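One-letter residues, chain by chain:
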Amino acid sequence: MMLKKYSLMMGMSLCASLSFAANCSTDLKGTDKMSFTDKKGKTVSQIIVPASCTTFKINLEHNGEMSVKQMGHNIVISKASDVASVVKDGRQHKEHDYVNPNDSRVIAYSKMIGGGQKTSVEFPVAKIKAGGYKFFCSFPMHSVRMSGDLIVK
Ligand code: ZN
């Protein structure tokens, strides 16, 4: 009897999650080892963005211990072909999260955080629907390892 009740509950929660709209957010961890990982510690090199979402949100938690000055992380969204130049320009804007606030190539960006801090970035899915967009950290040198593809499906 107990078992039956349990499986019924499982079935119900499965239905609930299936009938829900697509998940329009994801969680990333930023580490002291200069990487974006999922909650299990696996490196994240792509994020699937459901085409049915109007906006998509990426939550970032820095689960390391290093300060924002040593190992700062943020999330910036731009075209893959613009990543290098966005990062280069961002170096002149250290006090502004290493992002040029007037950079029209930047679709969206979060603030720069250090160990133990959290931030998030949200952007309209329509802006990246054409494909070829990336998420990355604009801290100097970090985008080499901390970047990945945004894939609208
Ligand atoms: Zn970083």
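The structure reproduced in this document is the subject of the present report. In this text the structure is predicted, and so the values were computed from the model without any measurement.

Rules and cut-offs
- Residues numbered from 1 in each chain as written.
- Predicted model: local features only at pLDDT ≥ 70, side-chain atom pairs only at ≥ 80, totals over all residues.
- Heavy atoms only, no water.
- Helix = DSSP H or I, 4+ residues; strand = E, 2+ residues; numbered from the N terminus.
- Contact = heavy atoms within 4.5 Å.
- Core = buried A, V, L, I, M, F, W, Y, C linked by side-chain atoms within 4.5 Å.
- Buried < 20%, exposed > 50% of the residue type's maximum accessible area, 1.4 Å probe, protein only.
- Pairing = 2+ DSSP bridges.

Now for the overall build of the chain. Secondary structure summary: the chain contains three helices and nine strands in total. In the chain, the order of α-helices and β-strands from amino to carboxyl end is α-β-β-β-β-α-β-α-β-β-β-β. Sequence separation of 24 or more characterises 70% of the internal contacts of the chain that already satisfy a separation of 6 or more.

Okay, the nonpolar core next. Leu28, Ile47, Ile58, Ile75, Ile77, Phe135 and Leu150 are the most contacted members of the largest nonpolar core, which totals 25 residues. When residues of this core are traced back to their parent elements, those giving at least two are β3 (46–49), β4 (55–62), β7 (118–124) and β8 (133–136). Here this core takes three residues from β4, the largest share from any one element. Those residues in contact with isoleucine 47 that lie beyond four places of it in its chain are Thr26, Leu28, Phe56, Ile58, Phe135, Asp149, Leu150 and Ile151. Membership of the second largest hydrophobic core comes to seven residues, among which are Val83, Val86, Val99 and Phe136.

Turning our eyes to something else, we now look at the sheet that holds β8. The strand order β3-β9-β8-β5-β6 describes an open sheet built from five strands, whose pairing is mixed. Two strands bound the open sheet, and with one partner strand each, they are β3 and β6 (108–109). Here four bridges tie β3 to strand β9 (residues 147–152), and the two strands are oriented parallel to one another. Considered in β9, the bridge of isoleucine 48 is made with isoleucine 151.

A separate point is the sheet that holds strand β2 (residues 36–37). Paired through their backbone hydrogen bonds, the strands of a sheet run either parallel or antiparallel. Read across the sheet, four strands follow the order β2-β1-β4-β7 without closing on themselves; strand pairing throughout is mixed. Because the sheet does not close on itself, it has two edges, and the strands there are β2 and β7. By the bridge criterion, two bridges tie strand β1 (residues 25–30) to β2 in an arrangement that is antiparallel. Bridging from a neighbouring strand, glycine 30 pairs with phenylalanine 36 of β2.

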